[in-house]
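# Coordinates in review
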Amino acid sequence: MNISLRRSIYYLILFPIAFIVALPIVIFIRLLRPLYLIRFGFITNGIFGHFTFEPEYYLCKKVKSKTISLDLFYFQSLKSVNKQWEKMVKRNIHVFPFVRFIYHVNFLFPGSKHHIVNVVDSGSRDTKNVFHEVNQQIKLLRDEELLAEECLKEFGFKNNNKFVCIVSRDTSYKFKKHPKVDWSYHNYRDSDIDNYKDAAIRLADMGYFVFRIGAIVDKKFDVDHEKIIDYATSSIRSDLLDIYLVSKCTFILIGESGLSSLATSFRVPIAFVNLSAVEYILSHNSRIISIPKKMWLRREERYLRFDEIFNQGIGRFLSSKKYEEKEIDLIENTPDEITDVAMELHTRLNDSWEESVEEQILQSKFWKLLPKSQLHGNKILSRVGASYLDKYQNLL
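Residues numbered from 1 in each chain as written. Predicted model: local features only at pLDDT ≥ 70, side-chain atom pairs only at ≥ 80, totals over all residues. Heavy atoms only, no water.

## Remarks on helix α6 (residues 142-152)
Put simply, the test is: Burial classes follow relative accessibility: with a 1.4 Å probe on protein chains only, a residue under 20% of its type's maximum area counts as buried, one over 50% as exposed, and anything between as partly exposed. To qualify as a helix, a DSSP run of H or I must reach at least 4 residues; to qualify as a strand, a run of E must reach at least 2; elements of each kind are numbered from the N terminus. What the arc measures is the spread of directions leading from the helix axis to the C-beta atoms. Whether two residues are in contact is decided by their heavy atoms: any pair within 4.5 Å suffices.
When α6 is considered as a whole, its buried residues turn out to be E144, E145, A148, E149 and L152. The buried residues of α6 occupy an angular sector of 135 degrees when the element is viewed end-on, so they sit on one face. In the core, the buried residues of α6 are packed alongside α3 (83-92), β5 (209-212) and α9 (239-248).

Below, the structure is given as structure tokens:
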């Protein structure tokens, strides 16, 4: 049965019946509230970034707040973007389809907000540094890890090998998943996987296995090195392996992709490159290093400075059309820049990075320019790539 037919049956037949059944349930739950609180919510399971961040954030936030309640959820979409993550969420959160009706009926009565639980309060960003204070909640089972490790033996990989994941966003995933939607407004987030080759080779020569990951990609990652694996185009790619590889990698080198949310949930260090909307830079984790794309102003033939980007609101542009209206070309990070930030994160993780006074000054200059907003908490823990700031001091 296709999804459109299922939706039609749902709205014409099932919804009115379920609505009537849900009504007395909601009344009973309201009467029960002085003794025990029951809350309802939904999980956004149709968008990878939201799906892989929000359930973990909700669980950690509840642990931190020590809230006592029975929370019941439903999946917003009929189909989840990753079946393995769906299984893991269901092991930790009460998810039932019928909660959808209870959730909506609840709003018919005054005081509905007491029975609503919001999975996130910060737009899928850990602005309150919850992940720093609470241990990871959603995890793979050991049996699942063993199955993934067995599959990866095809590449000559053993579970004690250290490895890095590489992700470069392109147009394929969104267009394939939702072909009827015009996703061109997201093209500003894309980057060329070929620019990641030098970093991959450098890491592989240092002993890392390097897995290029992703569910659907535009082109192959052709690198002649026994330790560099184009897993994204391989025949064994699966939802389980997607989750396993991100959860176990030493760090992830990534462009603008929802997989960064999964890495955040697993507390995996991130080298974040080709960031476009620079005001959305991740700032909550000391093991995240980012470098943004540069912005070329065509009519003046120069790069925009960061103060101009922030003061004019350009740092929040989330549409290709907006950049075009301002006559701005987004310039991707070079292979050298990508390699530098990967090496910096590797060095920092091995406690061998020596920070100069000049580097501290440049970091301070950048973060002082960043506008204070709901996108960032009180603690700025992340960093901008040291080599990048040194190279582009004139933009600060």
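Alright, that's what it looks like, and here's the rest.
## Remarks on the packing of aromatic side chains
Worth spelling out the cut-off: Paired rings are identified among Phe, Tyr and Trp, the last through its six-membered ring, by centres lying within 6.5 Å, and are further divided according to the angle between planes into stacked (under 30 degrees), edge-to-face (over 60) and tilted (the rest). We call a charge positioned over a ring when the NZ of a Lys or the CZ of an Arg lies within 6 Å of the ring centre and within 35 degrees of the ring normal.
Tallied over the full model, the rule gives 26 aromatic pairs. With a centroid separation of 6.1 Å and an interplanar angle of 70 degrees, the aromatic rings of Y57 and F131 are classed as edge-to-face. Here F131 lies in helix α5 (residues 130-133) and Y57 lies in helix α2 (residues 48-65), a separation of 74 residues in the sequence. Here Y57 falls in the buried class, since its relative accessible area comes to 0%. With centroids separated by 5.3 Å and ring planes inclined at 75 degrees, the aromatic side chains of Y103 and F107 adopt a geometry described as edge-to-face. Relative accessible area serves as the criterion here: at 11%, Y103 is assigned to the buried category. F107 gets classed as partly exposed once you look at its relative accessible area, which sits at 42%. Here the aromatic residues F155, F157, F163, F209 and F211 are joined through ring pairs into a cluster of three or more. Lying over the aromatic face of Y208, K162 brings its terminal NZ or CZ to 4.6 Å of the ring centre. Lying over the aromatic face of F131, R267 brings its terminal NZ or CZ to 4.2 Å of the ring centre.

## Describing the environment of G377
Along the chain, the position of G377 falls in the loop between α14 (357-369) and β13 (383-384). Looking at G377, the relative accessible area reads 23%, which means it is partly exposed.

## Overview of the sheet that holds β13
Heads up, the condition is: When DSSP finds at least two bridges between two strands, those strands are taken to pair.
Reading across from one edge, β6-β5-β4-β7-β8-β9-β13 is the order of the seven strands in this open sheet, with parallel pairing throughout. Looking along the sheet, the strands with just one partner apiece sit at the ends: β6 (228-229) and β13. Of the strand pairs in this sheet, strand β8 (residues 270-275) and strand β9 (residues 288-292) are connected by four bridges, and their pairing is parallel. If you follow A271 over to β9, its bridge partner there is I289.

Any functional reading would require information beyond the geometric quantities listed.
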